[in-house]
Amino acid sequence: MSETFALVDSPQPATRGSQADAGSRQDDAEGVDGGVGLTALLVAAARAIETHRHDSLARDVHAEHFVRAAPACADWPVRIEQVPEGDDDPLWGRFARYFGLRTRVLDDFVLGSVHGGVRQVVLLGAGLDTRAFRLDLPSDCVVFEVDRAGVLAFKQRVLTDLAAAPRTRRVPVPVDLRGDWATALTSIGFDPAVPSVWLAEGLLFYLPSPAETYLVDTVDRLTTGGSALAFEAKLEKDLLAYRDSSIYVATRDRIGIDLLGLFDLGPRPDSAGHLTAKGWSTVMRTPFDFARRHGRGPLPEPNDALEGNRWIFAHKPGP
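Residues numbered from 1 in each chain as written. Predicted model: local features only at pLDDT ≥ 70, side-chain atom pairs only at ≥ 80, totals over all residues. Heavy atoms only, no water.

K.L.:
Can you help me understand the sheet that holds strand 3 (residues 169-174) in this one?
P.N.:
To summarise the sheet geometry, strands pair through backbone hydrogen bonds and adopt either a parallel or an antiparallel arrangement. Strand order across the open sheet formed by 7 strands is 3-2-1-4-5-7-6, with mixed pairing between neighbours. The open sheet has two edge strands, strand 3 and strand 6 (281-285), and neither has a second partner. Taking the axes of each pair of neighbouring strands and ignoring which way they run, one obtains an average angle of 15° across the sheet. When strand 5 (residues 228-234) meets strand 7 (residues 309-315), the two strands line up antiparallel, connected through 7 bridges. Bridge pairing in strand 7 links Glu232 to Trp311. (Pairing = 2+ DSSP bridges. Helix = DSSP H or I, 4+ residues; strand = E, 2+ residues; numbered from the N terminus. Axes fitted to C-alpha atoms, helices over the stretch in contact; angles between N-to-C directions.)

So, in structure tokens, the structure goes:
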């Protein structure tokens, strides 16, 4: 469910189960044709469907072009009218609406930070994110897109074919997150002394616990007061208890994405608490909170794969 990502090296070796190891091998694929890379296209298809809704929460006119440019998803819908069951469809109805809601909430988070004076945006595992093209960002803002070279190259090919131009300065950072991405980011122009806003959208639950902690610690190290971070977490103690959830079944059986085979199934760290201990202020919300606020989006249901999802919004106090 991420834009896309590669596993982050932790300071110590992480112990992983056989399913997680299989997911890691899939993650090594350079582009968007398989493994977690394919989930970037799933999210793009969801954004395309959301874009064409009459009550759209977020618009991304580029999203359907990513879907159509990749052979793996050439027959996926990009409009809800192309889905026979419409919003009753667990994949292209409910799950896609979840991604549309998440896009809107994180758009608002970025815009709120920028309106507060932040001028550096960092997208970790940026994948097919087009916020540099979609959002009304000031011209002196810089959007850093951190992801593997193959993913960024696919995105650039599609955007170049569309003659798409970003609304602000966009800086791709082609680096595997298993490498020294912090040095790659700072060497390409990111300034740790200047407030920044970071997104880890649909990323952390693919990582083993030590890798998640390492990533959060690195963000803390690279940020000054006045910075912000939003990320998504899953709180279920046993993800496999939801193996028969309609969302997981539909995603696996209909488009070949086995999310439970890609997620890390080990215990999760308390990253929100970790940031709080470092002096950040944190707020945790459920997606359903925002579905009720906006009057659209998924609401709880039995055997719900979204039950444990949480969105965390963290702010580092200024001087």
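K.L.:
So what exactly am I meant to see when it comes to the packing of aromatic side chains here?
P.N.:
Two numbers describe a pair of aromatic rings. These are the distance of the centres and the angle of the planes. This structure, assessed with the given rule, holds 16 aromatic pairs. Ring centres 6.3 Å apart and planes at 70° place the aromatic pair Trp181 and Trp198 in the edge-to-face group. Here Trp181, found in helix 7 (residues 181-187), pairs with Trp198, found in strand 4 (residues 196-200); they are 17 residues apart in sequence, far enough to count as distant. Ring centres of Tyr248 and Phe263 lie 6.2 Å apart, and the angle between their planes is 70°; this geometry places the pair in the edge-to-face category. One end of the pair, Tyr248, is in helix 9 (residues 246-255); the other, Phe263, is in the loop between helix 10 (259-262) and helix 11 (271-277), and 15 residues separate them in sequence. By relative accessible area, Phe263 is classed as buried at 0%. The rings of Phe95, Tyr98, Phe99, Phe109, Phe290, Trp311 and Phe313 are connected pair by pair, giving a single aromatic cluster. (Phe/Tyr/Trp six-rings, centres within 6.5 Å; stacked < 30°, edge-to-face > 60°. Buried < 20%, exposed > 50% of the residue type's maximum accessible area, 1.4 Å probe, protein only.)

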